[in-house]
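For reference, the chains in residue letters:
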Amino acid sequence: PVRVEDDRTGLNIETLKRAFLDNLFYIQGKFPDIATQNDYYMALAYTVRDRLLKRWLKTAQTYTEQGSRTVCYLSAEFLLGPHLGKNLINLGIYDDVQQAMEELGLDLETLLEQEEEPGLGNGGLGRLAACYLDSMATLEIPSIGYGIRYEYGIFEQDIRDGWQIERSDKWLRSGYPWEVPRPEWSVPVKIGGHTEQYTDERGRFRVRWVPHHVVMGVPHDTPLLGYQVNTANTLRLWRAEAAESFDFDAFNSGDYVGAVHEKMVSENISKVLYPNDNISQGKELRLLQQIFFVSCSLQDMIRIMEGQKIPLEKFHEKFVVQMNDTHPAIAVAELMRLLIDDHCMTWDQAWGITTRTFAYTNHTLLPEALERWPIALFKKLLPRHLELIYEINQRFLDDVRIRYPEQPQMLSQMSIIDESGERYVRMAHLACVGSMAINGVAALHTELLKQGVLHDFYEMYPKKFNNKTNGVTPRRFMVLSNPRLSRAITERIGPNWVKHLDELKKLESYVDDPNFRQEFRQIKFDIKQELATYIQQNYGVAINPNSLFDIQAKRIHEYKRQHLNALYIVTLYNRIKANPNIEITPRTFLFGGKAAPGYYTAKLIIKLINAIGDVVNRDPDVRDRLKVLFLKDYSVKFAQRIYPAADLSEQISTAGKEASGTGNMKFAMNGALTIGTLDGANIEIREEVGEENFFLFGMTADEVYARKAQGYNPYDYYQSNSELKLAIDRIASGFFSHGDRKLFQPLLDTLMHRDDYMLFADYQAYIDCQDYVGQVFQDVDRWTRMTILNVARMGKFSSDRAIRDYCEDFWKISPVPIEIEE
Ligand code: 26Q
C-alpha cells in the first residue's frame, strides 16, 4: 500500500505515532516544541477521525447500494459527550494509543481532558438519544440521527456565593474535528407568509404556500462508530443560514443593511439550545427551531430516496421516523405538506404513508412539559401546517364521533386543538394521531400514560401503545468511564459482556470469591480517592475516601427532590449538634446538576445545598463525619468521573413523576447501591437486582394520587414530626444564611403549605431508609456482596436491549453488516 494511505488507516503503534506527528504539523501547523496540549488533542483527534472515515464512507456506500431500510431518529437534543475516548474504545485502540502517546512523552488522560464536549442537550432525553445512536451503530442498524447544530449548547454553570451563574457555552471555540459540513446538501425552509389555492395544469385543486422568508439548513455530519464493528452511522445536525439570493436579489435590493438584518434573524434559529428540562416554554424561536430541523430532515430523506431511485410511495418502507418526544411532532404535518403540495400526492395516499412512518416516544407526565402552541403563533409562522392540522383533526374527530357516538365530550378532550380557552395546538395529540406506535420509557411510565395523559388515545388505539424501558450504553458508562472495573470483569467472565450485557450475570458466581471482592472494593476505594484529590484541589475541601459517597447528580428539579436529600443532611447535622458524640457513618454528600436559568426555586435549592455545605463543612463539632459539596458544571464528561466513585445513588423523585431516569442505571452498573422510590425505571432496577439489594422508601404512585385526593396538608407533618420541624426551623432561622431569615422562606413556604412533590409525606421513610443505609455500609462484606450483585444484574439496562426491542417491535429493521477488506 501507498505510504500516505497507511498513515491514515494503520492501527499499529508506530503508524499511529507517525500519523499523529503528521497531523500536528499539517493540520495544527505546529511542531512539538511549541505545541499546546490542545494542539496535541487536535492532532490525535484528527488521527482518529482519519481512521473513522473509511468505515464511515464504506457504511454510507453499503447502505446506498443496498437501499437499506433506515431509522431516522429525530431529536431536538443530542447530548453526546466527548468523542475521542469513545472512538478509541470502539476502534479497539485505546491501549495502543495510550502507549503511542507515552512514547512521545504525552499523557493520553491529559489529552482526553482537553476535549470540549458538544453539550447539545439538557439531560436525560438528549443523553438517551446519544446512547441509542451508539447502540444502533454497534448493532449495525442503518440509522441517521437528525437534529440541530446549536452554536451555543447547554450553558456552563459556575457557582458564585452559592448561587448558580450561567455562562454561554462556546463549544466551537477551539475548532471541532468531529464534523464535516455538507453545504451541497443544504435545503430551504419556508417561514411565515400565507397560502393560496389554485388549479394546476391538470385541473387539480392545489395549495401554494407563499412564505414571508426562507431559511437554509446546512447539514453538518458526524460519524458515529459502533463498538468493534465497521458500522459508522451519521449524526446530521442542521445549522441555519440566510438564503442569500432570496434576501439580497429579489426583495431587499437597495436595503443592504435591512438584508443583513434578515440574515442575522435567520441565523438565530440554530443559535442556542433552550436550557429548560421538562418545562415547555411557548417561545416563537423554539417553534422555529422545531420546524427548521424537521423540515430539513424530511427533505433530506426525500433527497436520499431520489438518489437511490426509490419511488416516494415507498417512503414508509425506506424510513421509519422515531420522534424523541413531541419536539419534532410537527413532522406529521410537514410530511403531509411535502407529499401533497410538493409531490402531488392525494390526501389518502399521503396519510397512509405518514401514519406508517412515524413512531412517538413520550418522556414525561408533567403537565408543564406538555407542548402546546398558541394558534395565532402557528398561523403566523406555519400557515400551511395549520391548515393541514385542521384537516387532520377534522378527519380524526370524524373517527372519534363514530367510535363514541354518545360521548360528545370525547371530541373536545381528544381534539388536536385545545379550545378550552385561548386556542392551542396540542403536540402530543398530533403525535398520537400521526404515529403507528407510541411508547413510554419505563413500565410504570407507560402504564401511567395509558391511565392518564394519553388515556383516550389508548382506548381508541390500544395496539399503538407499547413500553420501551430506557437503557444506557455500557461502552461509555462502563468500559470508558471505569476501565479498572471493566478489566476486572473481563478477567473473570471474558469480554463478551460489553456487547451482551446480560452476560454480567456470570459475575454472580464470583460474589463469594474473596479475591474478586477484595479487588472490587479496592477499585472503588482508589477511584473515590482520586475524586477526593480532585475535590481537594478544585474546592479546597478535604473529604475522607473511606466515608460513604452519597451522590445525587441530575438536573435540579423540585420533582427530583434534591431538597429532600438536603433535609436529611440537616437532620444528621441537628443530631450531631444535639449530641456531638453520636455514632454516625461518615458520609460525603455530593451534588451535581444545572437549574434552568428561569427556574427560581431550582436555583434556590442550589443555594440551599451550598449554604448547608458552608456551615457543615467547617463546623468542628461535625469532626469530618459529614461533608457536603455541590460540584459545578455537571456534564457528560464529569458524569463519567462521578458514577464510578459513588457508593450510594440518590433516585428519590416523587413516585409517578420521573418517567424513567437513566442516571440510576449508570450508577448501579458502576457498583453503587440505590436509595430510591418506586418511580420510573427504579422499579425495574429493583426487580432485577433483588429487593434485598436496593434501598426502597416512600409512597407508591398510587399512594401519591390517593393522598392528594384526600387533601394533603404538609403542615400537619411539620407539626407532628419533631426532627422534620427541627430541620425546617433550623433553615428558617437563618442558621445557614448568616442570619438571613428571608432567604429560604419562599422554598420553605411552598413546602409547608403546598408541597406539590410531597417531601414531607416521604420524609420519615427517607430518614429511616438513609439511617439503615448507613448501618449496612458498616458491614463491608454485606455491602460488597450487594454491589457485586447490582453490577451482575444490570444486563437489562443496556441500550442495546432497548434498541433491539425497538427494532423488533416497530422499526422492523435488521442488521446490515459492513465488510471492509483489509
Ligand atoms: C420543550 C419545549 C420548549 C423548550 C424545552 C422543552 C423541553 C426540553 C427538554 C422539554 C423537555 C426536555 C427534556 C425532557 C427529559 O429529559 N425527560 C427525561 O427523559 C429521560 C429519557 O427518557 C427520562 O429518563 C427522564 O425520566 C425524563 O425526565
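Here the structure is a predicted model, which is why all the values come from computation and not from measurement.

1. Observations regarding the overall build of the chain
Here is step 1: In terms of helices and strands, the chain carries 34 helices and 25 strands.
Here is step 2: The C-alpha radius of gyration computed for the chain amounts to 27 Å, which stays within 12% of the reference 28 Å derived for 822 residues, consistent with globular compactness.
Here is step 3: Principal axes of the C-alpha set define a box for the chain whose edges measure 90 × 75 × 55 Å.
Here is step 4: Going through the 822 residues of the chain one by one, you find that 50% of them count as buried.

2. A few points about the site of the ligand
Here is step 1: Every one of the 24 residues lining the ligand counts as a neighbour, but G124, L125, S280, A659 and S660 are closest to it.
Here is step 2: Here the shell around the ligand takes three residues from helix 7 (residues 124–138), the largest share from any one element.
Here is step 3: Classifying every residue of the shell around the ligand gives six nonpolar, 14 polar and four charged.
Here is step 4: In terms of domain composition, the shell around the ligand takes at least three residues from each of domain 2 (67–82 + 117–468) and domain 3 (546–796).

3. Describing the pairing of strand 23 (residues 648–651)
Here is the key point about a regular strand: its side chains alternate between the two faces of the sheet.
Here is step 1: The alternating pattern of strand 23 places L648 and E650 and S649 and Q651 on opposite faces, both of which are buried.
Here is step 2: Here two bridges tie strand 20 (residues 548–553) to strand 23, and the two strands are oriented parallel to one another. Of the residues in strand 23, the one forming a bridge with I551 is S649.
Here is step 3: Examined bridge by bridge, strand 23 and strand 24 (residues 673–676) share four bridges and lie parallel to one another. Along strand 24, the bridge assignment pairs E650 with I675.

4. Digging into helix 23 (residues 562–578)
Here is step 1: For helix 23, spanning 17 residues, the distance from its first C-alpha to its last is 25 Å, which sits close to the expected 24 Å at 1.5 Å a residue.
Here is step 2: Within helix 23, 12 of the 17 residues are buried, which leaves it mostly tucked inside the rest of the structure.
Here is step 3: Where helix 23 is concerned, the buried positions are Q562, H563, L564, N565, A566, L567, Y568, I569, V570, T571, L572 and Y573.

5. Quick notes on the sheet that holds strand 24
Here is step 1: Taken together, the six strands give an open sheet; going across it, the order is 22-21-20-23-24-25, and neighbouring strands pair in parallel fashion. Each end of this open sheet is capped by a strand with a single partner; those strands are strand 22 (626–631) and strand 25 (695–696).
Here is step 2: Alignment of strand 21 (residues 587–592) against strand 22, held across six bridges, turns out to be parallel. Residue pairing in the sheet places R587 in a bridge with L626 of strand 22.
Here is step 3: Most of the contacts of helix 23 go to strand 22, to which it runs at about 155 degrees, and overall it touches strand 20, strand 21, strand 22 and strand 23.

6. Regarding the domain arrangement of the chain
Here is step 1: If you check the domain split of the chain, you get domain 1 (1–66 + 84–116), domain 2 (67–82 + 117–468) and domain 3 (546–796).
Here is step 2: The C-alpha centroid of domain 3 is placed 36 Å from the C-alpha centroid of domain 2.
Here is step 3: Tallying the contact residues gives 36 residues for domain 2 and 31 residues for domain 3.
Here is step 4: Elements with a contribution of two residues or more to the side of domain 2 that touches domain 3: helix 7, strand 5 (156–160), strand 6 (163–167) and helix 18 (443–451).
Here is step 5: The residue inventory of the side of domain 2 that touches domain 3, partitioned by class, reads 16 nonpolar, 14 polar and six charged.

7. Some words on the packing of helix 23 against helix 30 (residues 722–732)
Here is step 1: Running from amino to carboxyl end, helix 23 crosses helix 30 at an angle of 100 degrees, the nearest separation of the two axes being 9 Å. Considered as vectors, helix 23 and helix 30 are oriented roughly perpendicular to each other. Listed contacts from helix 30 to L567, V570, T571 and N574 of helix 23 are E723, L726, A727, R730 and I731.
Here is step 2: Taken together, the residues of the contact of helix 23 with helix 30 break down into five nonpolar, two polar and two charged.

8. Concerning the nonpolar core
Here is step 1: Ranked by internal contacts, the top residues of the largest apolar core, which has 235 residues, are F292, A331, I569 and I612.
Here is step 2: Sorting elements by how many residues they give to this core places helix 3 (residues 37–66) first, with 10 residues.
Here is step 3: With near-sequence residues (within four places) excluded, F292 lies in contact with V189, V215, G217, W238, A240 and I269.

9. Remarks on the confidence of the model for the chain
Here is step 1: When the pLDDT values of the chain are averaged, the result is 96; 98% of them are 70 or greater.
Here is step 2: Reported for the predicted complex are a pTM of 0.97 and an ipTM of 0.98.

10. A short note on helix 24 (residues 600–616)
Here is step 1: Taking 1.5 Å per residue as the helical rise, helix 24 with its 17 residues ought to reach 24 Å, and the 24 Å between its terminal C-alpha atoms agrees with that figure.
Here is step 2: Among the 17 residues in helix 24, 12 count as buried, and that is most of the element.
Here is step 3: Within helix 24, burial applies to A602, L604, I605, I606, K607, L608, I609, N610, A611, I612, G613 and V616.
Here is step 4: Along its buried surface, helix 24 packs onto strand 5, strand 6, helix 23, strand 21, strand 22 and helix 31 (745–753).

11. Some thoughts on the sheet that holds strand 15 (residues 372–374)
Here is step 1: Strand order in this open sheet of three strands is 15-17-16, and the pairing throughout is antiparallel. Either end of the sheet is taken by a strand with one partner, and the two such strands are strand 15 and strand 16 (417–418).
Here is step 2: Note: strand 15 against strand 17 (residues 424–426), three bridges, orientation antiparallel. For P374, the partnering residue across the bridge sits in strand 17 and is Y424.
Here is step 3: Across the sheet, helix 17 (residues 427–434) touches strand 15 and strand 17, and the angle it forms with strand 17 is around 45 degrees.

12. Some remarks on the packing of helix 2 (residues 13–26) against helix 3
Geometry of a packed helix pair, given as the angle between the helix axes and the separation of the axes.
Here is step 1: Taken N-terminus to C-terminus, the directions of helix 2 and helix 3 make an angle of 120 degrees; their axes are 8 Å apart at the nearest point. Relative to helix 3, the element helix 2 lies oblique. Seen from above, helix 2 lies across helix 3 with right-handed handedness. Mapping the contact onto sequence places L16, A19, F20, N23 and L24 in helix 2 and D39, Y40, A43, L44, Y46, T47 and D50 in helix 3.
Here is step 2: Considering only residue class, the contact of helix 2 with helix 3 consists of eight nonpolar, two polar and two charged.

13. Examining the environment of L74
Here is step 1: Structurally, L74 is set in strand 1 (residues 70–74).
Here is step 2: C-alpha of L74 to C-alpha of D325: the two residues are 251 residues apart in sequence and 9.1 Å apart in space.
Here is step 3: Each residue touching L74, except ones within four places of it in the same chain, is listed here: Y146, V294, S297, V321, Q322, M323, N324, P328 and A331.

14. Let's talk about unusual backbone geometry
Trans peptide bonds make up the majority, and among non-glycine residues the majority have a negative phi.
Here is step 1: Backbone geometry at N278 places phi at a positive 65 degrees, although glycine is not the residue there.
Here is step 2: Within the secondary structure, N278 sits in the loop between helix 9 (256–267) and helix 10 (284–307).
Here is step 3: Residue class for N278 comes out buried when judged on the 23 C-beta atoms lying within 10 Å of it.
Here is step 4: For D755, which is not glycine, the phi torsion reads 50 degrees and is therefore positive.

Calculation notes
- Residues numbered from 1 in each chain as written.
- Predicted model: local features only at pLDDT ≥ 70, side-chain atom pairs only at ≥ 80, totals over all residues.
- Helix = DSSP H or I, 4+ residues; strand = E, 2+ residues; numbered from the N terminus.
- Rg over C-alpha atoms; globule rule 2.2 N^0.38 Å.
- Buried ≥ 20, exposed ≤ 12 C-beta atoms within 10 Å, placed from the backbone.
- Near = placed C-beta within 6 Å.
- Nonpolar A, V, L, I, M, F, W, Y, C, P; charged D, E, K, R; others polar.
- Domains from an automatic or database assignment.
- Pairing = 2+ DSSP bridges.
- Expected span 1.5 Å × (residues − 1).
- Contact = placed C-beta atoms within 7 Å.
- Axes fitted to C-alpha atoms, helices over the stretch in contact; angles between N-to-C directions.
- Parallel < 35°, antiparallel > 145°, perpendicular 65-115°, else oblique.
- Core = buried A, V, L, I, M, F, W, Y, C linked by C-beta atoms within 7 Å.
- pLDDT = per-residue confidence, 0-100.
- Left-handed = near helix turned anticlockwise from the far one by under 90°.

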